[in-house]
Amino acid sequence: MSKIKGLETYKKYWEDQASFMDQSPWNQQKILKLTFSNDFEKNIEELKFSNHSLVREGGQLTLRLKVPYNYSELDDFEGKAIELLGIDKNYLIDMSFTNSNCTKY
């Protein structure tokens, strides 16, 4: 049986990792920005990300995700994020961190 993957798995994993802390697990200044090849648009849409997280930007599908407060200290955070989300690395054109404009945490 394969592991369940997706946005809820991503969020639950990082929240569980920070459950012993008395603070939010999320970094409020940064987000992870994944940009996908249009060749895989159908595959990405099948993952059913929210319209808030998945947008069309510059002709490409872009997924924006909250990151854990200590993402920069984690070994291969980007690889773990892709694994938890169930995204094939071949779908990606770019992966970067950017400043967050969101105030909802």
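Residues numbered from 1 in each chain as written. Predicted model: local features only at pLDDT ≥ 70, side-chain atom pairs only at ≥ 80, totals over all residues. Heavy atoms only, no water.

## Some thoughts on the nonpolar core
- Formed by 22 residues in total, the largest nonpolar core has its most connected members in Y10, L34, F36, L63, F77, L85 and I87.
- Breaking this core down by element, the ones donating at least two residues are α1 (7-17), β1 (26-36), β3 (60-68) and α3 (77-85).
- Here the element with the most residues in this core is α3; it accounts for five residues.
- Ignoring anything within four residues of it in the chain, the contact list for I87 reads L34, F36, L47, F49, L63 and I82. (Core = buried A, V, L, I, M, F, W, Y, C linked by side-chain atoms within 4.5 Å. Buried < 20%, exposed > 50% of the residue type's maximum accessible area, 1.4 Å probe, protein only. Helix = DSSP H or I, 4+ residues; strand = E, 2+ residues; numbered from the N terminus. Contact = heavy atoms within 4.5 Å.)

## A look at the sheet that holds strand β2 (residues 54-57)
- Taken in spatial order, the four strands make up an open sheet running β2-β3-β1-β4, and their pairing is antiparallel. Either end of the sheet is taken by a strand with one partner, and the two such strands are β2 and β4 (92-99). Across the sheet, the mean angle separating the axes of adjacent strands is 30 degrees when strand polarity is ignored.
- Pairing geometry for β2 and β3, over four bridges, is antiparallel. Bridge assignment links L54 to a residue of β3, and that residue is L63.
- Across the sheet, α1 touches β1 and β3, and the angle it forms with β3 is around 20 degrees. (Pairing = 2+ DSSP bridges. Axes fitted to C-alpha atoms, helices over the stretch in contact; angles between N-to-C directions.)

## Notes on the confidence of the model for the chain
- On average, residues of the chain carry a pLDDT of 87, and 92% of them reach 70 or more.
- Ranking the helices and strands of the chain by mean pLDDT puts β4 first, with 95, and helix α2 (residues 41-45) last, with 85. (pLDDT = per-residue confidence, 0-100.)

## Observations concerning the pattern of salt bridges
- Here the structure, examined in full by the defined rule, presents six salt bridges.
- A salt bridge links E41 to R56; its shortest N-O distance comes to 2.6 Å. Within this pair, whereas E41 is found in helix α2, its partner R56 is found in strand β2, the two being separated by 15 residues in sequence.
- On the accessibility criterion, E41 (23% relative accessible area) is partly exposed.
- Close ionic contact of R64 with E57 constitutes a salt bridge, the shortest N to O distance being 2.2 Å.
- You can call R64 partly exposed: its relative accessible area is 27%. (Salt bridge = Lys/Arg side-chain N within 4 Å of Asp/Glu carboxyl O.)

## Digging into the packing of α1 against α3
- Close contact between α1 and α3 brings their axes to 7 Å; oriented N to C, the two are set at 130 degrees. Overall, the two elements α1 and α3 adopt an arrangement that is oblique. Along the contact surface, α1 presents L7, T9, Y10, Y13 and W14, while α3 presents F77, K80, A81, L84 and L85. (Parallel < 35°, antiparallel > 145°, perpendicular 65-115°, else oblique.)

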